[in-house]
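# Chain and residue survey
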Amino acid sequence: KNGLLYHMKKSKNFTTYGQIVNFLAKQELSRIDLVVALGGGVVGDVAGFSASTFLRGVKYVQIPTTLLAKKLLEKIELDNGGNWHERNNKKRKNG
């Protein structure tokens with residue numbers, strides 16, 4: 001099952017924490033389950049705090065999307081001969 005947390009700073013509050021904890025309780029989260037935070041910053045902070053305070057010992061994984069997205073876009077751009085951060089990947093003539 002999955003839940004949704006907006007990545008805005010205003011999501012970092014006790015109301016959001018309560019919603020996440022209620023969600024985890026409804027899912028009957030146990031120590032063999034895994035909480036995954038897809039995103040960094042606020043998402044990772046709130047998900048990690050919620051998981052650790054809901055049930056001691058629950059597994060938690062954070063997947064920061066900023067680095068993932070940057071690397072993915074970089075790969076796409078380089079494979080297609082585009083530019084990325086002023087780096088030109090076009091074939092150059094020798095001489």
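Attention in this report is confined to the structure presented alongside it. (Residues numbered from 1 in each chain as written. Predicted model: local features only at pLDDT ≥ 70, side-chain atom pairs only at ≥ 80, totals over all residues. Heavy atoms only, no water.)

### A look at the pairing of strand S2 (residues 59-63)
In regular strands, side chains alternate between the two faces of the sheet. As judged from the five bridges shared by strand S1 (residues 34-38) and S2, these two strands associate in the parallel manner. Residue pairing in the sheet places Leu34 in a bridge with Lys59 of S2. Crossover connection from S1 via helix H2 (residues 42-54) to parallel S2: handedness right-handed. (Pairing = 2+ DSSP bridges. Helix = DSSP H or I, 4+ residues; strand = E, 2+ residues; numbered from the N terminus. Right-handed = clockwise from strand over helix to strand, strands pointing away.)

### Focus on the packing of aromatic side chains
Scanning all chains against the criterion turns up two aromatic pairs. Residues Phe14 and Tyr17 carry aromatic rings whose centres are separated by 6.4 Å and whose planes lie at 85° to one another, so their mutual orientation is edge-to-face. On the criterion of helical spacing, the pair formed by Phe14 and Tyr17 is a turn pair, its members being three residues apart in helix H1 (residues 14-26). Of the residues examined, Phe14 reaches a relative accessible area of 68% and is grouped as exposed. When the ring of Tyr17 is compared with that of Phe49, the centres are 5.2 Å apart and the planes differ by 50°; the resulting orientation is tilted. With Tyr17 in helix H1 and Phe49 in helix H2, this pair connects stretches of sequence that are 32 residues apart. (Phe/Tyr/Trp six-rings, centres within 6.5 Å; stacked < 30°, edge-to-face > 60°. Buried < 20%, exposed > 50% of the residue type's maximum accessible area, 1.4 Å probe, protein only.)

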